[in-house]
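Geometric and topological summary
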Number of protein chains: 2
Amino acid sequence: MSETDRRIAVFESQLKGAGLRMTQQRRLILRVLAEADDHPDAKGIFTRAFAHDPTLSLSTVYRTMKVLESQGAIERHAFEDGISRYEHADQEHHDHLIDVDSGEVIEFSSDAIEELQRRIAAELGYELVRHRLELYGRKKQPARKPARKRG
Amino acid sequence: MSETDRRIAVFESQLKGAGLRMTQQRRLILRVLAEADDHPDAKGIFTRAFAHDPTLSLSTVYRTMKVLESQGAIERHAFEDGISRYEHADQEHHDHLIDVDSGEVIEFSSDAIEELQRRIAAELGYELVRHRLELYGRKKQPARKPARKRG
DNA sequence: GGCCCATAAGAAAATCATTCTCATTTGCAA
DNA sequence: TTGCAAATGAGAATGATTTTCTTATGGGCC
Ligand SMILES: [Mn+2]
Ligand SMILES: [Mn+2]
Ligand SMILES: [Zn+2]
Ligand SMILES: [Zn+2]
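An account of the accompanying structure is given in this report. (Residues numbered from 1 in each chain as written. Chains lettered and ligands numbered in written order. Predicted model: local features only at pLDDT ≥ 70, side-chain atom pairs only at ≥ 80, totals over all residues. Heavy atoms only, no water.)

A word on the pairing of strand β5 (residues 126-139) of chain A. One ladder, built from four bridges, connects strand β3 (residues 95-99) of chain A with β5(A); its direction is parallel. Paired with A:I98 across the bridge in β5(A) is A:Y136. Here β5(A) pairs with strand β5 (residues 126-139) of chain B via 13 bridges, running antiparallel. What sits directly across from A:E134, in β5(B), is B:R132. (Pairing = 2+ DSSP bridges. Helix = DSSP H or I, 4+ residues; strand = E, 2+ residues; numbered from the N terminus.)

So, in structure tokens, the structure goes:
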């Protein structure tokens with residue numbers, strides 16, 4: 001069973017467990033999400049799904065994302081442009097670094113920073129419920145010997 | 001000279017330095033921003049300013065915020081609801097903790113977490129350009145002796 | 001396999017923050 | 001003062017997302 005199939009099975013059981021129907025559209029969207037290894041927005045998911053079923057509507061994508069989010073099956077992120085982007089929640093918690101030049105999204109996780117956030121909240125008298133951490137960076141050039149001037 | 005007046009003077013010199021005009025509307029909006037000790041959105045700024053000049057338009061608030069942001073005079077944040085909120089940049093860098101029950105915004109700063117973010121980016125081969133860090137938390141009840149059951 | 005009907009889908013209108021357009025006003029340098 | 005580029009006010013436009021309304025359908029039950 002492929003990773004994609006396993007994710008779809010998880011999605012389906014989450015829906016079933018909540019007493020929700022497994023429609024053709026949901027099945028298709030689940031497949032798109034399970035196959036995604038990036039952070040597509042609603043339009044991106046719609047485009048990928050529409051290729052398989054040209055009767056699908058964008059409303060259904062939005063509705064399905066809302067259902068899946070409330071089931072905890074996916075995570076929604078809004079980076080700097082404010083547009084909602086989605087990824088399946090079938091993975092350990094991580095945060096994101098966005099390449100400011102290319103827009104590429106790189107995932108990372110750090111126990112140290114997770115712990116530090118909890119501690120900061122605690123010092124302020126709060127229990128940390130969730131957080132948003134996004135790093136925006138520029139690729140470093142690998143250090144190298146300065147080239148000799150030519151000519 | 002009050003802190004408010006000093007902030008206004010800074011704002012004005014920033015505008016003048018960029019060759020921009022000091023209009024009545026901008027003067028008013030600068031005052032509202034200088035006096036603010038919270039994180040108002042455009043409508044909030046408009047409401048406060050409108051009380052002093054009922055000819056002001058919301059478009060002008062948005063335009064002015066864009067100008068001020070490009071001058072580095074204010075900072076713009078978009079917390080979970082995606083609405084842009086503003087604060088004057090006349091203060092040291094800090095991040096925010098949002099009380100999930102009351103919506104209250106608490107400012108904090110931590111050299112440790114700033115450094116850790118730089119290090120994480122560096123380990124990924126990136127130079128940190130900026131970041132977004134928001135903690136969402138719930139007020140802790142102060143630990144207390146369990147009350148004896150009454151009656 | 002059909003039946004029923006609450007749930008879900010499609011299409012299009014509505015919403016809401018923000019930006020843009022354009023006619024009119026105004027800051028400010030000369 | 002004058003001239004004019006820059007700025008404003010009012011309202012239209014935009015774009016992501018949600019809602020409305022009518023029609024379609026998943027899936028438990030016979
Ligand atoms: Mn991710
Ligand atoms: Mn702040
Ligand atoms: Zn994290
Ligand atoms: Zn910070």
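Text resumes after the structure shown.
Turning to the interface of chain A and chain B, a few remarks are in order. Taken together, the 34 residues of chain A in the interface contact 34 residues of chain B. Both faces combined, the contact of chain A with chain B buries some 3,100 Å², and carbon together with sulfur accounts for 64% of it. Run the count over chain A and chain B and you get four salt bridges. B:E134 serves as the salt-bridge partner of A:R132, at 3.1 Å between the closest nitrogen and oxygen. The tally of links from chain A across to chain B stands at 20 residue pairs in polar contact (both at pLDDT 80 or more). Of all elements in the fold, only β3, β4 (105-108), α5 (111-123) and β5 of chain A reach the threshold of two or more residues within the side of chain A that touches chain B. Among the elements that make up the side of chain A that touches chain B, the one with the highest residue count is β5(A) (14 residues). A breakdown of the residues in the side of chain A that touches chain B according to their chemical character gives 19 nonpolar, five polar and ten charged. (Contact = heavy atoms within 4.5 Å. Buried area = accessible area lost by both parts, 1.4 Å probe. Salt bridge = Lys/Arg side-chain N within 4 Å of Asp/Glu carboxyl O. Polar contact = N/O pair within 3.5 Å; in protein donor to acceptor, adjacent residues only side chain to side chain. Nonpolar A, V, L, I, M, F, W, Y, C, P; charged D, E, K, R; others polar.)

Once that is clear, we can look at the protein's contact with DNA strand D. DNA strand D sits among 22 residues. The nearest are A:Y62, B:Q25, B:S59, B:T60 and B:R63. In the interface set of DNA strand D, defined as its atoms within 4 Å of the protein, sugar plus phosphate atoms amount to 65%. Here a base oxygen of DNA strand D and a side-chain polar atom of B:S59 are 2.8 Å apart. For DNA strand D, a phosphate oxygen lies 2.3 Å from a polar atom in the side chain of B:T60. Of all the secondary structure elements, the ones that give two or more residues to the surface near DNA strand D are α4 (58-70) of chain A together with α2 (24-35) and α4 (58-70) of chain B. In terms of residue count, the dominant contributor to the surface near DNA strand D is α4(A) (four residues). Of the residues that constitute the surface near DNA strand D, the class distribution is five nonpolar, ten polar and seven charged. (Near = heavy atom within 4 Å.)

Further remarks concern the relation of the copies chain A and chain B. Least-squares fitting of chain A to chain B yields an RMSD of 0.1 Å, with the transformation described by 0.0 Å of translation along the axis and a rotation of 180°. Taken together, these values place the two copies in the relation of a two-fold axis. Judged by C-alpha distance, A:L133 is the residue of chain A that lies nearest the rotation axis, at 2.3 Å. Both copies share a contact surface, since 100% of the interface residues of chain A are interface residues in chain B too. (Least-squares fit on C-alpha atoms with pLDDT ≥ 70 in both.)

Residue and element names in this part refer to chain A. Taken together, the protein ligands of the zinc ion (ligand 3) are H93 (NE2), D95 (OD), D95 (OD), E114 (OE) and H131 (NE2), with distances of 2.0 to 2.7 Å. One chain supplies every donor for the zinc ion (ligand 3), spaced along it as H-x1-D-x18-E-x16-H. With D95 in strand β3 and H131 in strand β5, the pair connects residues that are 36 residues apart, well separated along the chain. (Donors = N, O, S within 2.8 Å, 3.2 Å for Na, K, Ca; no water.)

Here we take up the side chain of A:H39. Residues and elements named next belong to chain A. Of note, H39 is situated in the loop between α2 (24-35) and α3 (42-50). Judged by its relative accessible area of 7%, H39 is buried. Of the polar contacts made by the side chain of H39, one reaches the side chain of H96; its length is 3.1 Å. For H39, the contacting residues outside a window of four places in its chain are H77, R85, Y86, E87, H94, H96, V105 and E107. (Buried < 20%, exposed > 50% of the residue type's maximum accessible area, 1.4 Å probe, protein only.)

Residues in contact with DNA strand C amount to 22 residues; listed here are only the nearest, A:R21, A:Q25, A:T60, A:R63 and B:Y62. Contact distances for DNA strand C include 2.9 Å between a phosphate oxygen and a side-chain N or O atom of A:T23. Those elements that provide at least two residues to the surface near DNA strand C are α2 and α4 of chain A together with α4 of chain B. If one sorts the elements of the surface near DNA strand C by residue count, α4(B) sits on top with four residues. The class makeup of the residues in the surface near DNA strand C is five nonpolar, ten polar and seven charged.

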